[in-house]
Amino acid sequence: MAGFQRKGGRMNGQRRLIGAGAVAAMLALAGCSGEPEVIKIGVSQPLSGNLATLGQDMVNGAKMAVDEINAKGGVRLGSGRAKLEIVTADDKADAKTGEAAAQTLVDAGITVAIAHLNSGVSIAAAPIYAKANVPQLAISTKPSYTQQDLATTLRLVANDNLQAKAMGSYAAQLAGAQRFAVVDDSTPYGKGLADDAAGAIKQQQREVTLRQSLDDKRTDFAPLIAELAKTKTDVLVTTLGDFQVEALIKQAAAAGLTRLRILGGDTIKTDKLNKVAPLIAGVYATSPIVEAREFPNGKPFLDGFRTRFKGDPIYGAHYAYDAVHLVADAMARNDTADRKKLLERLKNPSFDGHAPVTGSMRFAADGEQRYSAVAVYLLKDGAWLPQIRSDRW
């Protein structure tokens, strides 16, 4: 009995040694590959406050893409596969909070960041991602975001330069329009957009008879309406917010300016103006966020989104969705989750990556979209109806 125990002890010991050796060999092979089993994708957006619904929309789009990719086994890296994982952070639409959120994501080991919504937040957080070599894919539109001499800044949509051209060019070609007013909200974003829109109007040989800057909280527009009447303005191009334009329309209609047409930026493309729009001749909005329904491949995405989240996307969910698919495709083609190689692939002019909805998510060397577009919408019968979409204005 004692001999059997000793023999069994030797056999158990050999088995333990063999088992340990096999595990060590497996770990060594895994270490050689150097690839993670889980790839973390950071999504930092405003998840609280006034813009929380827009930020959550971006998160939902990213989550939907991650779930689809993981359901198919994840991202192929060499002979293995890696699952994707979303790591979120609330930037509260604030630059300082955004910096902290970016650092939190970097510390969590993200490979790429879909961040942020607001230009000021994206710009402030950009150096943090750049220091960690994390590609930053932002839906922000201020041109200076990609002009910081940081290789990692990438933009998902058209920038303000193109939107300003769209605003001015479209306003100038409205039938019967001869005299134009341009009014901004005194914010750096609004003033810059309005200045460029006014320039685009003048390039079309149209007259800007009134150019004003008002504060972004004003709702009493009596002096402006008097000027609009005096100059016989046909079209008002403005970067005022939706609640301001709502008040302006009511006051303009009361003053008899029912033939006035208003064209704004994406800040008025909400349901706030549904009831007041019929009081004047027309309300238009431009937006670099082209709706999913306008793309030929938008329907499958919308069907899946509605099933998953019990409603329609309200902002840029399809851009976040496409960004995740694009990144996954790039890493699969690279056979690695290496951040530097990922960035190189995304900026490679020959990279025709998988972007299921937009079909044209391509980055230039400076991080801008190569085929970005701005759409114009008309508010009619409570719905924003697409009028035109172009990448050349």
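As shown above, the structure is provided for reference.
To start, this report covers the structure provided alongside it. Counting restarts for each chain: residues are numbered from 1 in the order of the written sequence. Local features in a predicted model are, by the rule used here, given only for residues with pLDDT of at least 70; side-chain atom pairs are given and counted only at 80 or more, and totals for whole chains, interfaces and linings are based on all residues. Heavy atoms from the whole structure form the basis of all side-chain values; hydrogens and water molecules are not counted.

**Re the sheet that holds strand β9 (residues 235-238)**
Consideration 1: Two strands make a pair as long as DSSP finds a minimum of two bridges between them. Where helices and strands are cited, they refer to DSSP runs of H or I of at least four residues and of E of at least two residues respectively, numbered from the N terminus. Reading across the sheet, the 7 strands line up as β8-β7-β9-β10-β11-β12-β13 and stay open at both edges, with mixed pairing between neighbours. This sheet does not close on itself; its edge strands, each paired only once, are β8 (207-213) and β13 (383-390). In this sheet, adjacent strand axes meet at a mean angle of 20° when their direction is disregarded.
Consideration 2: In this structure, strand β12 (residues 374-380) lies alongside β13, joined through 7 bridges in antiparallel fashion. Across the sheet, Val-374 pairs through a bridge with Ser-390, a residue of β13.
Consideration 3: Any two residues whose heavy atoms approach within 4.5 Å at even a single point are treated as in contact. Between N-to-C directions, angles span 0 to 180 degrees; the directions come from axes that are lines fitted to C-alpha atoms, helices contributing only their stretch in contact. Across the sheet, helix α8 (residues 242-254) lies against β9, β10 (261-264) and β11 (282-287), angled at about 175° from β10, the strand it touches most.

**Quick word on the packing of aromatic side chains**
Consideration 1: Stacked, edge-to-face and tilted are the three classes for Phe, Tyr and Trp ring pairs, Trp counted by its six-membered ring, which pair at centre distances within 6.5 Å; planes under 30 degrees apart are stacked, over 60 edge-to-face, the rest tilted. Across all of its chains, the model carries 4 aromatic pairs by this definition.
Consideration 2: Taking 4.7 Å as the distance between ring centres and 45° as the angle between the ring planes, the aromatic pair formed by Phe-305 and Phe-309 counts as tilted. Taken together, the positions of Phe-305 and Phe-309, both in helix α9 (residues 298-309) and 4 residues apart, correspond to about one turn of that helix.
Consideration 3: Looking at Phe-305, the relative accessible area reads 2%, which means it is buried.
Consideration 4: The rule is simple: take the accessible area with a 1.4 Å probe, protein chains only, and divide by the maximum for that residue type; under 20% is buried, over 50% is exposed, in between is partly exposed. For Phe-309, a relative accessible area of 24% gives the class partly exposed.

**Some words on unusual backbone geometry**
Consideration 1: Residue His-116 is reached from Ala-115 by a cis peptide bond, and omega for that bond is 10°.
Consideration 2: Positionally, His-116 belongs in the loop between β4 (112-115) and α4 (119-131).
Consideration 3: A positive phi angle is found at Ser-186, which is not glycine, with a value near 70°.
Consideration 4: Here Ser-186 lies in the loop between β7 (179-184) and α6 (188-203).
Consideration 5: Phi at Gln-205 takes a positive value of approximately 60°, unusual for a residue other than glycine.

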